[in-house]
Amino acid sequence: MKILQNVRKVPAGMMVVPMVLGSLINTFVPEIVKIGSFTTATFTSAGTATAIGIQLFCLGTTLQLSDMPKVLKRGGLLLIAKFIIGAAIGIAIGMLCGKAGFLGLTTLAVISAVTNSNGSVYLALMTEYGDETDCASMALLSINDGPFLTLVAMGASGLANIPLVALVAAVGPLLMGMILGNLDKEIPKFVAPAGTILIPFVGFCLGAGIKLTNLVKGGFGGILLGLICCLVGGIFIVACERFIGHRPGYAAWGVSTTAGNAVAVPAAVALIDPAWAPYESVATAQVAAAAVVTAIMVPFITSWWAKKYGCPKYPLAGQDFGKENVI
């Protein structure tokens, strides 16, 4: 049986397929993985934070100081653009409509989804269409693959009371990995592959915290959220990459997703600021739906855009991807 080969045919399959399996088990037969010990720690939502933390540490080791100028220029632009559009949309909705949001789409869900991007989808797409610098930018972009930027946006806007320590704790593993990776160049070679290996485990753990009943509850709001993240957010990020970064825009579409890890963000926010607790379950369902919608849409959009406007693997006449300015 060619299980792995078939999984890889699914858009973001290494994350999405295990997440769906985890959600199916959690919805219909949750007791089979809640027998305790290593089984529960590995195959339920109890293992999510640990798996993500290890993944961020491994990604952090790949951030070498000598690579920082290019990585910061490309990845930093994408990171900032993604954060700005997500925070702007979410804060605007929060200020105008309050915590409940509009059309059933909660403010918490919007900020959680649009400020986050699926690192595994981005890396897979950049491996196929981008170059080494694009791939290396994943370590920097992993900052928005989780609660950190969501907490920053909500804390800075006054929509939530977020302690500084919580922000530091969210990015701690990444910083520790970066420090060790620069002290010893052998460490990235040793631990970096583990970051990729952990992707299906992270997906399963996240899925194990989702019930399909909540996905159904997310319904129209979740689909709308996915479209906002992919299309509204994507167009803004592409514009920034093309007119500020002078790049074709394929990498911008690559980050126009909702992270699978973002499913856990509403709970993280509600834990820190209980005022958001009443909106946690609805926001979680909507973010989960948006993660699936964007994971399906973004690979197809990125592929079309990369071939139409050029990329390192499919350059157009006159394009030189050895230089930063290619437009």
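Residue indices follow the written sequence of each chain, beginning from 1 at its first position. Reporting in this predicted model follows two pLDDT cut-offs: at least 70 for local features of residues, and 80 or more for side-chain atom pairs to be given and counted; totals over whole chains, interfaces and linings ignore these cut-offs and use all residues. Side-chain calculation: all heavy atoms of the structure are included, whereas hydrogens and water are not.

## A look at the overall build of the chain
A tally of regular secondary structure across the chain gives 16 helices and 0 strands. Here the C-alpha atoms of the chain give a radius of gyration of 19 Å, agreeing with the 20 Å that 2.2 N^0.38 yields for 327 residues. If you line up the chain on its principal axes, its C-alpha atoms span 55 × 45 × 40 Å. Taken across its 327 residues, the chain has 54% of its residues classed as buried. Numbering of helices and strands runs from the N terminus, with a helix taken as a DSSP run of H or I at least four residues long and a strand as a DSSP run of E at least two residues long. The quantity called the radius of gyration is restricted to C-alpha atoms. Its globule counterpart is 2.2 Å times the number of residues to the power 0.38. Here's how the labels work: a residue is buried when its accessible area is under 20% of the maximum for its type, exposed when over 50%, partly exposed in between, all with a 1.4 Å probe on protein chains only.

## Some thoughts on the packing of helix α4 (residues 48-60) against helix α12 (residues 199-207)
Think of two packed helices as two axes; the pair is described by the angle between the axes and how far apart they sit. Lines are fitted to the C-alpha atoms to define the axes, a helix being fitted only along its stretch in contact, and any angle between axes, read from their N-to-C directions, falls within 0 to 180 degrees. The contact between α4 and α12 brings their axes to 9 Å, and the two run at 155°. When the axis of α4 is compared with that of α12, the two are roughly antiparallel. In this structure, α4 crosses over α12, and the sense of that crossing is left-handed. Touching Thr48, Ala51, Ile52 and Gln55 of α4 are Ile199, Val202, Cys205 and Leu206, all from α12. Class assignment of the residues belonging to the contact of α4 with α12 gives a composition of 6 nonpolar, 2 polar and no charged. Oblique is the label for any angle not covered by the other classes, which are roughly parallel (under 35 degrees), roughly antiparallel (over 145) and roughly perpendicular (65 to 115). Should the near helix be turned anticlockwise from the far one by less than a right angle, the crossing is termed left-handed; should it be turned clockwise, right-handed. Note on contacts: a residue pair is in contact if any heavy atoms of the two residues lie within 4.5 Å. Under the grouping applied here, Gly and all other residues not named as nonpolar or charged are polar, the nonpolar ones being Ala, Val, Leu, Ile, Met, Phe, Trp, Tyr, Cys and Pro and the charged ones Asp, Glu, Lys and Arg.

## Re the packing of helix α7 (residues 119-129) against helix α16 (residues 280-309)
Closest axis-to-axis distance for the α7/α16 pair is 11 Å, and the angle between their directions is 25°. If you check the angle between α7 and α16, you find them roughly parallel. Both α7 and α16 take part in a crossing whose hand is right-handed. Mapping the contact onto sequence places Val121, Leu125 and Tyr129 in α7 and Val298, Pro299, Thr302, Ser303, Ala306 and Lys307 in α16. Looking at the contact of α7 with α16 residue by residue, the classes come out as 6 nonpolar, 2 polar and 1 charged.

## Observations regarding the confidence of the model for the chain
Residue-level confidence of the predictor, termed pLDDT, takes values from 0 up to 100. The pLDDT averaged across the chain works out to 82; a share of 90% of its residues lies at or above 70. The secondary-structure element of the chain with the lowest mean pLDDT is helix α9 (residues 148-157), recorded at 69, while helix α14 (residues 250-254) shows the highest, at 95.

## Notes on the environment of Pro299
Within the secondary structure layout, Pro299 lies in helix α16. Residues Pro299 and Thr257, spaced 42 residues apart in sequence, show a C-alpha to C-alpha distance of 9.5 Å.

## Describing the state of the cysteines
A disulfide bridge is the covalent bond that connects two cysteines by way of their sulfur atoms. The term disulfide is used for any two cysteine sulfur atoms that are within 2.5 Å. Taken as a whole and judged by the stated rule, the model has 0 disulfides. Cys229 forms no disulfide, and the closest cysteine sulfur to it belongs to Cys230, at a distance of 7.1 Å.

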